[in-house]
Amino acid sequence: MAVTIEHTSSAGGAGAAASPRQKARAAIVPAWLAPYLQAAPLAVILGLFLLLPLVMIVVVSFWDYDFATMYPDFILLNYEETLGSWVTWKTYLNTLKFAALVWAITLFVGFWVAYFLAFHVRSAGMQSILFLVCTVPFLTSNIIRMISWIPVLGRNGLVNSALIGMGIVSEPLEWLLYSDFAVVLAMIHLYTLFMVVPIFNTLMRIDRALIEVARDAGATGWQILWNVIVPLAKPGMAIGTIFVVTLVMADFSTVQVMSGGQSASVALMMKNQMALMQYPAAAANAVVLLAVVLLMVAGILRVVDIRKEL
């Protein structure tokens, strides 16, 4: 018995001691350097594909240009034309209008869809099926889903034909297509899922015991929704808001197609500038748009702490 104990103690001591390979590795890589080496691959990827392109856009935004080429320079003319033009300000206001309308409607629709899936569908299998039904249309191209509204909203489309057939209107409604209404409707269709998913993920993490406690305390269904569920769902709402707002601010194809060229956005203005080879002016617009979006995201993060969700 004494021999066994001595053998076990000796084995434990040998296991606790560092091997020669471990000692050599510790000598080659200092302990303070190991975290930096682990983060180096991600830092290189972000630097090459995120930071470097942004730096290039900022640099080009100060260059000069003519109808044929660009000239390396350091001028403020591009920013003066961007910030000093009333047309540009109207375009930014129009883009912010689209973002506000789409955000408000997608938040309303997305919250209730996520709420129904999280609290009124008891079976996990049925939740998966219904969630898949919500996501299947989004597996197709954005262009296809956007263009699919044209035969629905057109002058001889399904909506106008139904309204005329029921006698509600005597002639087709012209504002259904190629208008701001069509732009907002198409964007809602395109981006609602980006609001549903983070809110649904947040609602599924809510402890159901909190709802039972509130119900035992005499709270009504609306009081539970407003005082328990909505505050706990704010991180998901904030993440969905960031997704939707940034996507709307950068969308130009929906505005171009669904408005019929009668409306404008900042992204569409940059697209037209690049088509005319006015790359420094487009870069200046991109920098200003990036600053606006970052300010909006910073404001959202000041109001809601999304680290609870991450």
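A quick note: this is a predicted structure, and the numbers were derived from the prediction, not measured. (Residues numbered from 1 in each chain as written. Predicted model: local features only at pLDDT ≥ 70, side-chain atom pairs only at ≥ 80, totals over all residues. Heavy atoms only, no water.)

Taken as a whole, the largest pocket encloses approximately 450 Å³ of empty space. Lining the largest pocket are 18 residues, with I57, M270, A286, V287 and L289 sitting closest to its centre. Where the lining of the largest pocket is concerned, the elements lending two or more residues are α3 (34-60), α14 (234-249), α16 (266-275) and α17 (279-303). Among the elements that line the lining of the largest pocket, the one with the most residues is α17, at eight residues. A breakdown of the residues in the lining of the largest pocket according to their chemical character gives 17 nonpolar, one polar and no charged. (1 Å grid on protein atoms, 1.4 Å probe; cavity = no way out; pocket = protein on both sides within 12 Å on 5 of 7 lines; lining within 4 Å. Points joined across faces, edges and corners; volume = space filled by probe spheres on them. Helix = DSSP H or I, 4+ residues; strand = E, 2+ residues; numbered from the N terminus. Nonpolar A, V, L, I, M, F, W, Y, C, P; charged D, E, K, R; others polar.)

Following the UniProt record, the feature "domain: ABC transmembrane type-1" (unreviewed entry) maps to residues 92-300 here. Across residues 92-300, the secondary structure splits into 76% helix and 0% strand, with the terminal C-alpha atoms separated by 19 Å. (UniProt positions renumbered as here; feature names shortened; annotations may be inferred.)

For helix α5 (residues 86-120), with 35 residues, the first-to-last C-alpha span of 50 Å sits near the 51 Å given by 1.5 Å per residue. Two to three positions downstream of the cap, the backbone nitrogen of V87 sits 3.3 Å from a side-chain oxygen, assigning the N-cap of α5 to S85. (Expected span 1.5 Å × (residues − 1). Polar contact = N/O pair within 3.5 Å; in protein donor to acceptor, adjacent residues only side chain to side chain.)

We now examine unusual backbone geometry. One non-glycine residue, Y178, lies in positive phi territory at about 55°. Positive phi, close to 65°, is recorded for M277, a residue that is not glycine. Of note, M277 is situated in the loop between α16 and α17.

Evaluated as defined, the whole model comprises three salt bridges. Across the pair R155 and E174 runs a salt bridge, and its minimum N-O distance is 1.9 Å. With R155 in the loop between α8 (150-153) and α9 (158-165) and E174 in the loop between α9 and α10 (180-191), this pair connects stretches of sequence that are 19 residues apart. Taking the relative accessible area as the measure of exposure, R155 reaches 47% and is therefore partly exposed. For E212, the salt bridge is made with R215, and the minimal N-O distance between the two is 3.2 Å. Of this pair, E212 and R215 both sit in helix α12 (residues 208-216), three residues apart, roughly one helical turn. (Salt bridge = Lys/Arg side-chain N within 4 Å of Asp/Glu carboxyl O. Buried < 20%, exposed > 50% of the residue type's maximum accessible area, 1.4 Å probe, protein only.)

All right, on to the environment of M277 then. Its relative accessible area of 36% is what places M277 among the partly exposed residues. Between the C-alpha atom of M277 and that of M70, which follows or precedes it by 207 residues, the distance is 8.8 Å. Excluding anything up to four places from it in sequence, M277 contacts D66, F67 and A68. (Contact = heavy atoms within 4.5 Å.)

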